[in-house]
Amino acid sequence: MRIPFIDLKQQFHRLEPEIRRRMDAVLAHGQFILGPEVDELERELAAFTGVRHAIGCSSGTDALLLALMAHGVGPGDAIFLPPFTFVATAEVVALLGATPVFVDVDPETFNIDPEALRLALRALDMGDPGKYPLPAGVGRLTPRGVIPVDIFGLSADYAAIQSLADKHGLFVLQDAAQSFGGLYHGKRCGAMGHVGATSFFPAKPLGCYGDGGAVFTDDDELAALMRSLLFHGKGGHKYDNDRIGINGRLDTLQAAILLPKLAIFTEELDARQRVAERYTELLAPVPGLTLQAIPQGCRSAWAQFSFLHERRDAIQQALHAAGIPTAVYYPKPLHMQKAFANLGYRPEDMPVSLDLSRRIMSLPMHPYLDDALIAEISAAVAGAAS
Ligand SMILES: *Cc1c(COP(=O)(O)O)cnc(C)c1O
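Residues numbered from 1 in each chain as written. Predicted model: local features only at pLDDT ≥ 70, side-chain atom pairs only at ≥ 80, totals over all residues. Heavy atoms only, no water.

## Points about the environment of leucine 229
And step 1. In this structure, leucine 229 sits in helix H7 (residues 220-229).
And step 2. Relative accessible area serves as the criterion here: at 4%, leucine 229 is assigned to the buried category.
And step 3. Measuring from C-alpha to C-alpha, the distance between leucine 229 and arginine 43 comes to 20 Å, with 186 residues separating the pair along the chain.
And step 4. Apart from residues no more than four positions distant in its own chain, leucine 229 is found in contact with Leu66, Met69, Ala70, Arg243, Ile244, Gly245 and Ile246. (Helix = DSSP H or I, 4+ residues; strand = E, 2+ residues; numbered from the N terminus. Buried < 20%, exposed > 50% of the residue type's maximum accessible area, 1.4 Å probe, protein only. Contact = heavy atoms within 4.5 Å.)

Structure representation (structure tokens):
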């Protein structure tokens, strides 16, 4: 492909001396596990996000896992989440023996639909799958938490979700793996709910050069618990084990790589916003094309720039022929995945997710995409769509 889907090279070229200097410093001091760069990054992340505690960890998946473990989630617990997401969101729930309860998404924002969440809570409460599709054959479940996913970088509807969560005594775990850097009514993504989780996978808006992630919370007790859990449940001393945990630390080298990237992140987010606005301008008039709706008060981190079209496959083929890479997130919603077949969902149980999976596609998106390329890509879409 002539054009990269996500261009990491231009950023590296820009930051190379600083990244190498930071990595060299780690090689020189040799504190590869929980070295000073991890502390420094955590302080910077907390300040950026506006939360009391930012804690580095080994991946976005482990960030979600740590947050669930800190809430004591286990067998018999119901965790509500959208099926239109990356598998990790539901995987961690199942890994702990709890049950993912799928809640369909909104057809305009592609995020969890609060009205569907209300119905799912009611259905579970009454044990009546006639009110809303529920997982089959799992017995009595206790509603414990909800994991809204900020899909493609756009925050979910936290005001509506939090009010439902409060009414039902649920915790809210924000899956901000795609939205870190995004804004929801002046607040940074990661800071919503009781705890936020993000990923520093290389292709995410803020990515390292391997796996990494972080959890965010204002709750001191939860923060201490997650710090213990990511280090084999350690107590006051390294070899005191107070609880069952995991090996879930963020590498010092990855923290060293993230520091210079975080320093230019705000500028890159502005650049992403400019790219998205330019795409929007050029693509909004294309017949039959629907863009992801961005509600008032929200600013996406634009992990992906996505749209819906009936002729998705034809558009994808035309772009491929023109040397323009595209992707489909997600071709199969989680309620249709073999890994969750035991939950007994039917495809039509989540009609919006099913429809999105058939019509959605994503275009190249990164902060260094120039106007000429955006125009070329948009023209190719417009040509193939008609
Ligand atoms: C990427 C992603 C994750 C997992 O992050 P990793 O760092 O790859 O483990 C979780 N949830 C969503 C929505 C993601 O996009």
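## Observations regarding the sheet that holds strand S6 (residues 183-184)
And step 1. With respect to topology, three strands assemble into an open sheet ordered S7-S6-S11, the strand pairing being antiparallel. Only two strands of the sheet have a single neighbouring strand rather than two, namely strand S7 (187-188) and strand S11 (298-299).
And step 2. Pairing between S6 and S11: two bridges, direction antiparallel. Each bridged residue has a counterpart across the sheet, and for tyrosine 184 the counterpart in S11 is cysteine 298. (Pairing = 2+ DSSP bridges.)

## Observations regarding the nonpolar core
And step 1. Counting 64 residues, the largest nonpolar core has Leu68, Ile79, Phe80, Phe102 and Leu173 as its most contacted members.
And step 2. Sort the elements by how many residues they give to this core and helix H3 (residues 60-70) lands first, with eight residues.
And step 3. Among the domains, domain 1 (8-103 + 110-263) and domain 2 (266-385) are the pair contributing at least three residues each to this core.
And step 4. When residues no more than four places from it in sequence are discounted, the contact partners of phenylalanine 80 are Val101, Val103, Leu117, Ala120, Leu121, Leu124, Pro143, Gly145, Val146, Ile147 and Leu170.
And step 5. With 35 residues, the next largest nonpolar core counts Leu291, Leu308, Ile374 and Ile377 among its residues. (Core = buried A, V, L, I, M, F, W, Y, C linked by side-chain atoms within 4.5 Å. Domains from an automatic or database assignment.)

## Examining the packing of helix H9 (residues 265-283) against helix H12 (residues 371-385)
And step 1. Two elements in contact, H9 and H12, have axes separated by 10 Å at closest approach and are oriented at 35°. Considering only the axes of H9 and H12, their crossing is right-handed. On the side of H9, the interface is formed by Val275, Arg278, Tyr279, Leu282 and Leu283, while H12 contributes Asp371, Ile374, Ala375, Ile377, Ser378 and Val381.
And step 2. By residue class, the composition of the contact of H9 with H12 is eight nonpolar, one polar and two charged. (Axes fitted to C-alpha atoms, helices over the stretch in contact; angles between N-to-C directions. Left-handed = near helix turned anticlockwise from the far one by under 90°. Nonpolar A, V, L, I, M, F, W, Y, C, P; charged D, E, K, R; others polar.)

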